[in-house]
Amino acid sequence: MHNFDFAAARQEMVERQIRRRGVEDRLVLEAMERVERHRFVAADHLRLAYEDTALPISAGQSISQPYMVAAMTEALELTANSRVLEIGTGSGYQTAVLAEIAARVYTVERISELSQAAMELLQSLGYSSIRFRIGDGSRGWSEEAPFDAIMVTAGAAHVPPALLEQLVDDGCLVIPVGGPPDQDLYQIRRHGNSFERRFITRCRFVPLIEDEES
Ligand code: SAH
C-alpha cells in the first residue's frame, strides 16, 4: 500500500499499546517489533493492522488485539528452548510471535481453511519451526506432549484436562475461561499434580468449540 509506513506504525504500536501498558519481557517486545501484523489481516483492513484492536478474519473468527498477544505471550514465560502448544491458529499471527521466541511451536486449528492459509503464509515468511494440525485442540497434541507452555486463544467454558496433563512440571497454560462473550484470562502453573491459577485480565475471545466425545 502506498504512502503508509507500516514499520513506523508497528514501532508506535509496540511503544504505546504494549510497553507502556506494562509488558516488560524483552523477548516479547522484540518479537512484536519483528512480526509484520499487516501480513495477517484481511486486505481491506491493512490500514488498521497496527491499531489497538482485534479484527475480523475469515470464517467468522478474529485476529487478536496486539496487546493481548503480547500479554499472553509474556505470561507463558518462554525461553529460546521452549516447546509451545497453541490452540486456535486463526490468522497465524500469534503463532509467528511464538515462533520468534521459542524453539518449536505446535499449533492446532479446527477450521481447515484457516489452518491451511496460516500454514502457507507462515511458510512463505520463512518460519520452519512450526507444525500445524487440524482438529479439536482441547485434547492437546498427545504425541508431542509434554509442552513447556500452552496457549489457548479461544474462550473456554472450562479448562480442558488434557491441556493440564500435557504440561511439563513448572510449565504454564494461558487460557481465557468463561463466557461467552467475556472471559477471565488465567495463567495456570503446574506444580506436580497441583495447579496454581493467577488471574491476568478480563478479555473477549471467540468461543473454544469442543467436539462431542465419541
Ligand atoms: N491467535 C489467533 C486467534 C484466532 S481466534 C489470531 O490472533 O489470529 C480463535 C481461533 O480458535 C479460531 O480460528 C477458531 O476457529 C479456533 N478454535 C476454536 N475452537 C477450537 C478448538 N477446539 N480447537 C482448535 N481451534 C479452535
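See the structure printed just above.
Overview of the structure. The residue numbers shown here count from 1 along each chain, following its written sequence. Two thresholds apply to this predicted model, a pLDDT of at least 70 for residue-level local features and 80 or more for giving and counting side-chain atom pairs, whereas whole-chain, interface and lining totals are computed over all residues. The basis for every side-chain value is the complete set of heavy atoms in the structure, and neither hydrogens nor water enter the calculation.

### Points about the sheet that holds strand β8 (residues 183–191)
Strands are labelled as partners when DSSP assigns at least two bridges between them. Runs of H or I in DSSP of at least four residues are treated as helices and runs of E of at least two as strands, each being numbered from the N terminus. One open sheet holds the seven strands; their spatial order is β5-β4-β3-β6-β7-β8-β9, and the pairing between them is mixed. The two strands at the open ends of the sheet, each matched to only one other strand, are β5 (130–134) and β9 (194–203). When strand polarity is set aside, the average angle formed by the axes of neighbouring strands in this sheet is 15°. Sheet topology note: the strand β4 (residues 104–109)/β5 ladder contains five bridges and is parallel. Each bridged residue has a counterpart across the sheet, and for Val-105 the counterpart in β5 is Ile-130. Between two residues, a contact is recorded if the distance between any of their heavy atoms is within 4.5 Å. A fitted line through C-alpha atoms serves as each axis, taken over the contacting stretch for helices, and the angle formed by two N-to-C directions is quoted from 0 to 180°. Across the sheet, helix α3 (residues 66–75) is in contact with β6 (147–152), β7 (167–177), β8 and β9; its angle to β9 comes to roughly 165°. In the packing of helix α5 (residues 112–124) onto the sheet, contacts are made with β4 and β5, and the angle to β5 comes to roughly 165°.

### Considerations on the site of the ligand
In these notes, residues near a molecule or strand are those with any non-hydrogen atom within 4 Å of it. Taken together, 25 residues lie near the ligand, and Ser-91, Glu-109, Asp-136, Gly-137 and Ile-209 sit nearest. Identification of polar contacts relies on pairs of N or O atoms within 3.5 Å, with a donor-acceptor requirement for protein atoms, meaning one able to donate a hydrogen and the other able to accept it, and with residues adjacent in sequence counted only if both atoms are side-chain atoms. Arg-110 is positioned with one of its backbone polar atoms (N or O) 3.3 Å from a nitrogen atom of the ligand. In this structure, a nitrogen atom belonging to the ligand sits 2.8 Å away from a side-chain N or O atom of Asp-136. Out of a free accessible area of 580 Å², the ligand has 99% covered by protein chains. Elements supplying a minimum of two residues to the shell around the ligand: β2 (62–63), β3 (83–87) and β4. When its residues are assigned to classes, the shell around the ligand shows ten nonpolar, eleven polar and four charged. The accessible surface values rely on the Shrake-Rupley method and a 1.4 Å probe; as for residues, cover is taken only from the protein chains in view. Residue polarity is assigned by list, with Asp, Glu, Lys and Arg as charged and Ala, Val, Leu, Ile, Met, Phe, Trp, Tyr, Cys and Pro as nonpolar; anything else, Gly included, falls into the polar class.

### Quick notes on the pattern of salt bridges
Salt bridges are counted wherever a side-chain nitrogen of Lys or Arg sits within 4 Å of a carboxyl oxygen of Asp or Glu. All told, the structure shown has 16 salt bridges when counted by the stated rule. Where Arg-19 meets Glu-33, a salt bridge forms, and the shortest distance between an N and an O atom there is 3.6 Å. Of this pair, Arg-19 sits in helix α1 (residues 6–19) while Glu-33 sits in helix α2 (residues 26–34), and the two are 14 residues apart along the sequence. In this structure, the salt-bridge partner of Asp-184 is Arg-202, at a minimum N-O distance of 2.8 Å. Taken as a pair, Asp-184 in strand β8 and Arg-202 in strand β9 lie far apart in primary sequence, 18 residues in all. The network of salt bridges with shared partners includes Glu-15, Arg-19, Arg-20 and Glu-33.

### Points about the environment of Leu-29
By secondary structure assignment, the location of Leu-29 is in helix α2. Residue classification places Leu-29 among the buried residues on the basis of a relative accessible area of 7%. Along the sequence, Leu-29 and Glu-100 sit 71 residues apart, while their C-alpha atoms lie 11 Å from each other. Dropping the residues within four chain positions of it, Leu-29 is found in contact with Val-14, Ile-18, Arg-19, Val-23 and Glu-24. Note on exposure labels: buried denotes an accessible area under 20% of the residue type's maximum, exposed denotes more than 50%, and partly exposed covers the range between, all computed with a 1.4 Å probe on protein chains only.

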